[in-house]
Amino acid sequence: MDLANSIDPFIYRLAIFVLAIFVGYYVVWSVTAALHTPLMSVTNAISSVIIVGALIAAGPVEMSLSKVLGAVAIGLAAVNIFGGFLVTQRMLAMYKKKQ
Amino acid sequence: MSANLTALAYLIASVLFIMALRGLSSPETSRSGNVYGMIGMAIAVITTVINPEVVSYTWILTAMVIGGGIGAIIARRIAMTDMPQLVAAFHSLVGLAAVLVAAAAFYNPAAYGIADADGMLKLASRIEMGIGVVVGAITFSGSIIAFGKLQGIVTGNPITFPGQHAVNALMGAVIVVLVVLFAIGPESEWFWGMTLLAFALGFLLIIPIGGADMPVIVSMLNSYSGWAAAGIGFTLENTALIITGALVGSSGAILSYIMCKAMNRSFISVLLGGFGGDTAVSATRSDKPVKAGSADDAAFIMKNASSVIIVPGYGMAVAQAQHTVREMGDLLKGHGVKVTYAIHPVAGRMPGHMNVLLAEANVSYDEVFELEEINSDFSNTDVAFVIGANDVTNPAAHEPGSPIAGMPILDVDRARTCLFVKRSLSPGYAGIDNELFYADNTMMLFADAKKMVEDIVKAL
């Protein structure tokens, strides 16, 4: 039996998902408590990578309900992406050591 | 661009996102980490846009410019004291975007290559979409309520009614049934039914939760927004979304755990809500004598101290007193006093809230310490200066049976003198009297936090 081809691709995605949870777990525990607010704003920004789904919906030339929904979702995600990264940058710029 | 190249580009974006989080392990590396995050996002967006399925750019560009412009303006203008509500508002946008993307995929599955032979959404995708859209909808409406509470549009007190938990449980069960029905036959009735019901559930889940529990709730909604993104990622078979969703989901979950631990409450008890607020204000107040002082007294005591630990809380944020507090700290340092800051994990309305405010006021981050780093220092400190904090200093936490029993507190009572800036003797969020107000070594400074610190600065 060809094992590699008999595995449902879903299982691969599940494996990626589970491993990413572990990566997230260890990386986030190493975040210093002083930066927990920037952590929230930056996770906010990166979770807006959901914009990739919206871009595909808004991509076709023909007008459709999907296209409208996609365009609105792009707008919402863009608020988050720009707002999230920029406000994080603004906060991080304030963390200074004594000169 | 071939499908393989696209997948590789998404992988690179995901790695950059991990590096963005990794950078936050110290303030020095955090700034470059944020840049990695931006590059990752740019790679993900560009990769998708140059895909052959995306041919029309007008709407995409328009939406991006409008959304991006709004986001950039908000990011520049927002006051640091308003960060908790901003983050809550951003969570709601992720939730709503997840719902909209799911709806778009539901009406046009072929565009995502997830249609079956009949042009319908595949069975596996339907299950994943059901979960993603429900979590996304709960995130959206829950975050709206959290935003309203933090902004003061909705009362910060818990809103409870009889049978609340039963209603929520019933709604949850109906949603599960609708997800199953949707998986069996993807009718739009089921899709919108489960979505609308999940909106309602998110609303009902958050209204019974009081203001000071918001650090847990904001973290929890952060986590939900991640799981929603991951759910949609499974539906669309997109690894960048799956990985990012998992990262954000576990990040929010860890933060909720840290916040619960810092209050010694279980996650479930926070979620069930009803803690604190108006109902608790009726708590008996003792008639013991209180020593009250003036700004001049406080200035005199601190000037002649050799060490002062400043303990900020939500009240400092409300009064916008962080700049004045820093000024006071600088003047004290000029008198040769050692000044440090002690921060309780749940001080404020979101994780790390006080740290950001002090950083904004130009307090060097190596003068700011977390609870476990500094707690043992109080016993050999001359003055603990508590401003806008209450429950997190209440020694009642050491007594079994009190509502905050077992909560780790800052031991300000161990300092030789404890100065307490507060408007009145009213109890804090937990609704219990603070013994500390009546202690021999406590001096109450009754005033608005900012006004009092300004007066102390003048006296110095």
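Placed above this text is the structure.
Residues numbered from 1 in each chain as written. Chains lettered and ligands numbered in written order. Predicted model: local features only at pLDDT ≥ 70, side-chain atom pairs only at ≥ 80, totals over all residues. Heavy atoms only, no water.

1. A word on the packing of helix H5 (residues 65-92) of chain A against helix H3 (residues 58-77) of chain B
For clarity, the cut-off: All axes here are fitted lines through C-alpha atoms, helices being fitted over the stretch that makes contact, and every angle between N-to-C directions spans 0 to 180 degrees. Here a strand is any run of E in DSSP of at least two residues, a helix any run of H or I of at least four, and the numbering for each starts at the N terminus. Our angle categories are set so that under 35 degrees counts as roughly parallel, over 145 as roughly antiparallel, 65 to 115 as roughly perpendicular, and the remainder as oblique. Definitions for this section: a left-handed crossing has its near helix turned counterclockwise from the far helix by less than a right angle. A right-handed crossing has that turn clockwise. For this analysis, residues touch if any pair of their heavy atoms sits within 4.5 Å. Gly is placed with the polar residues, together with every amino acid not listed as nonpolar (Ala, Val, Leu, Ile, Met, Phe, Trp, Tyr, Cys and Pro) or charged (Asp, Glu, Lys and Arg).
Between H5 of chain A and H3 of chain B, the shortest axis-to-axis distance is 7 Å and the interhelical angle comes to 30 degrees. Regarding the angle of H5 of chain A to H3 of chain B, the classification is roughly parallel. In this structure, the crossing between H5 of chain A and H3 of chain B has a hand that is right-handed. Within the contact between the two elements, H5 of chain A uses Lys-67, Val-68, Ala-71, Ile-74, Gly-75, Ala-78, Val-79, Phe-82, Gly-83, Leu-86, Val-87 and Arg-90 of chain A and H3 of chain B uses Trp-59, Ile-60, Ala-63, Met-64, Gly-67, Gly-68, Ile-70, Gly-71, Ala-72, Ala-75, Arg-76 and Arg-77 of chain B. Split into classes, the residues belonging to the contact of H5 of chain A with H3 of chain B amount to 15 nonpolar, five polar and four charged.

2. Notes on the packing of helix H6 (residues 164-184) of chain B against helix H7 (residues 188-206) of chain B
Two quantities define a packed helix pair, namely the angle between the helix axes and the distance between the axes. Residues and elements named next belong to chain B. Relative orientation of the contacting elements H6 and H7 amounts to 155 degrees, with a least axis distance of 9 Å. In terms of orientation, H6 and H7 fall into the roughly antiparallel class. H6 and H7 meet at a crossing whose hand is left-handed. Where H6 abuts H7, its residues Gln-164, Val-167, Asn-168, Met-171, Gly-172, Val-174, Ile-175, Leu-178, Val-179, Leu-181 and Phe-182 lie against Trp-190, Phe-191, Gly-193, Met-194, Leu-197, Ala-198, Ala-200, Leu-201, Leu-204 and Leu-205. Here the contact of H6 with H7 is composed, by residue class, of 17 nonpolar, four polar and no charged.

3. Thoughts on the sheet that holds strand S4 (residues 383-387) of chain B
All names here are of chain B. The criterion, for reference: By this definition, two strands are paired if DSSP reports at least two bridges between them.
Here we have six strands laid out as an open sheet, ordered S3-S2-S1-S4-S5-S6, and parallel in their pairing. Every interior strand has two partners, whereas the edge strands, strand S3 (368-370) and strand S6 (442-446), have only one. The mean angle between the axes of side-by-side strands here comes to 25 degrees, regardless of whether they run parallel or antiparallel. As defined by bridge partners, strand S1 (residues 307-312) adjoins S4 across five bridges and the pair is classed as parallel.

4. Points about the interface of chain A and chain B
So the rule is basically this: Using a 1.4 Å probe, buried area is obtained as the accessible area two parts lose upon being combined, added over both of them. Any Lys or Arg side-chain nitrogen found within 4 Å of a carboxyl oxygen on Asp or Glu counts as a salt bridge. Side-chain atoms alone can form a polar contact between residues adjacent in sequence; in general such a contact is a pair of N or O atoms within 3.5 Å, and within protein one must be able to donate a hydrogen while the other accepts it.
The interface of chain A with chain B comprises 79 residues on the first partner and 98 residues on the second. When chain A packs against chain B, the two sides together hide about 8000 Å² of surface, and 77% of this comes from carbon and sulfur. There are one salt bridge connecting chain A and chain B. The shortest N-O distance in the salt bridge between Glu-237 of chain B and Arg-13 of chain A comes to 3.5 Å. At the junction of chain A with chain B, the criterion picks out 24 residue pairs in polar contact (both at pLDDT 80 or more). The biggest single contributor to the side of chain A that touches chain B is H5 of chain A, with 27 residues.

5. Some thoughts on the nonpolar core
All names here are of chain B. Rules: Remark: nonpolar core denotes a set of buried residues (Ala, Val, Leu, Ile, Met, Phe, Trp, Tyr, Cys) joined through side-chain atoms within 4.5 Å. With a 1.4 Å probe rolled over the protein chains alone, any residue whose accessible area is under 20% of its type maximum counts as buried; one over 50% counts as exposed, and the rest are partly exposed.
Counting 191 residues, the largest nonpolar core has Tyr-112, Met-328, Phe-385, Ile-387 and Ile-456 as its most contacted members. Residue contributions to this core peak at 16 residues, all from helix H4 (residues 83-107). Beyond its immediate stretch of four places on either side in the chain, Phe-385 contacts Met-302, Val-308, Ile-309, Ile-310, Val-311, Met-328, Leu-419, Val-421, Leu-445, Val-453 and Ile-456.

6. Section: unusual backbone geometry
Residue and element names in this part refer to chain B. Of note, Glu-237 is a non-glycine position whose phi angle comes to about 55 degrees, a positive value. Within the fold, Glu-237 resides in the loop between helix H8 (214-236) and helix H9 (239-263). Despite not being glycine, Asn-264 shows a phi value in the positive range, around 50 degrees. Take Asn-264: its relative accessible area is 44%, and that puts it in the partly exposed class.

7. Examining H9 of chain B
All names here are of chain B. In plain terms, the rule: By this rule, a helix spans an expected 1.5 Å times one less than how many residues it contains.
Taking 1.5 Å of rise per residue, the 25 residues of H9 would be expected to cover 36 Å, and the 36 Å separating its terminal C-alpha atoms lies within 8% of that figure. Burial analysis of H9 places 21 of its 25 residues in the buried class, the great majority of the element. After H9 finishes, the residue Asn-264 shows a positive phi value of roughly 50 degrees.

8. Quick word on the pairing of S1 of chain B
A regular strand places its side chains so that they alternate between the two faces of the sheet. Residues and elements named next belong to chain B. In terms of burial, S1 is a largely internal element, six of the six residues being buried. Here S1 shows a buried face lined by Ser-307, Ile-309 and Val-311 and a second buried face lined by Val-308, Ile-310 and Pro-312. Pairing analysis gives four bridges linking S1 to strand S2 (residues 338-343), with the strands arranged parallel. Bridge pairing in S2 links Ile-309 to Thr-340.

9. Comments concerning the packing of aromatic side chains
Basically, it comes down to this: Working definition: rings of Phe, Tyr and Trp (its six-membered ring) pair if their centres are within 6.5 Å, and the pair is stacked with planes under 30 degrees apart, edge-to-face with planes over 60 apart, and tilted otherwise. For a lysine, the NZ atom is tested; for an arginine, the CZ atom; a charge sits over a ring if that atom is within 6 Å of the ring centre and within 35 degrees of the ring normal.
Under the criterion given, the structure shown has 14 aromatic pairs over all chains. Ring geometry for Phe-17 of chain A against Trp-227 of chain B: centres 6.1 Å apart, planes inclined by 75 degrees, an arrangement best described as edge-to-face. In this pair, Phe-17 of chain A is assigned in helix H2 (residues 9-29) and Trp-227 of chain B in helix H8, connecting two distinct chains. By relative accessible area, which is 16% here, Phe-17 of chain A ends up buried. Measuring from ring centre to ring centre gives 4.8 Å for Phe-106 of chain B and Phe-191 of chain B, while their planes differ by 5 degrees; the resulting arrangement is stacked. Here the residue Phe-106 of chain B occupies a position in helix H4, and Phe-191 of chain B occupies one in helix H7, the gap between them amounting to 85 residues. Site record: aromatic cluster; members linked through ring pairs are Phe-106, Tyr-107, Phe-182, Phe-191 and Trp-192 of chain B. One cation-aromatic arrangement involves Lys-67 of chain A over Trp-59 of chain B; the distance from NZ or CZ to the ring centre is 5.0 Å. The ring of Tyr-314 of chain B carries the charged tip of Arg-349 of chain B above its face, separated from the ring centre by 3.7 Å.

10. Things to note about the pairing of strand S5 (residues 417-422) of chain B
Residue and element names in this part refer to chain B. Buried residues dominate S5, accounting for five of its six residues. Relative to S6, S5 runs parallel, the two sharing five bridges. Among the inter-strand pairings, Leu-419 is bridged to a residue of S6, identified as Met-443.

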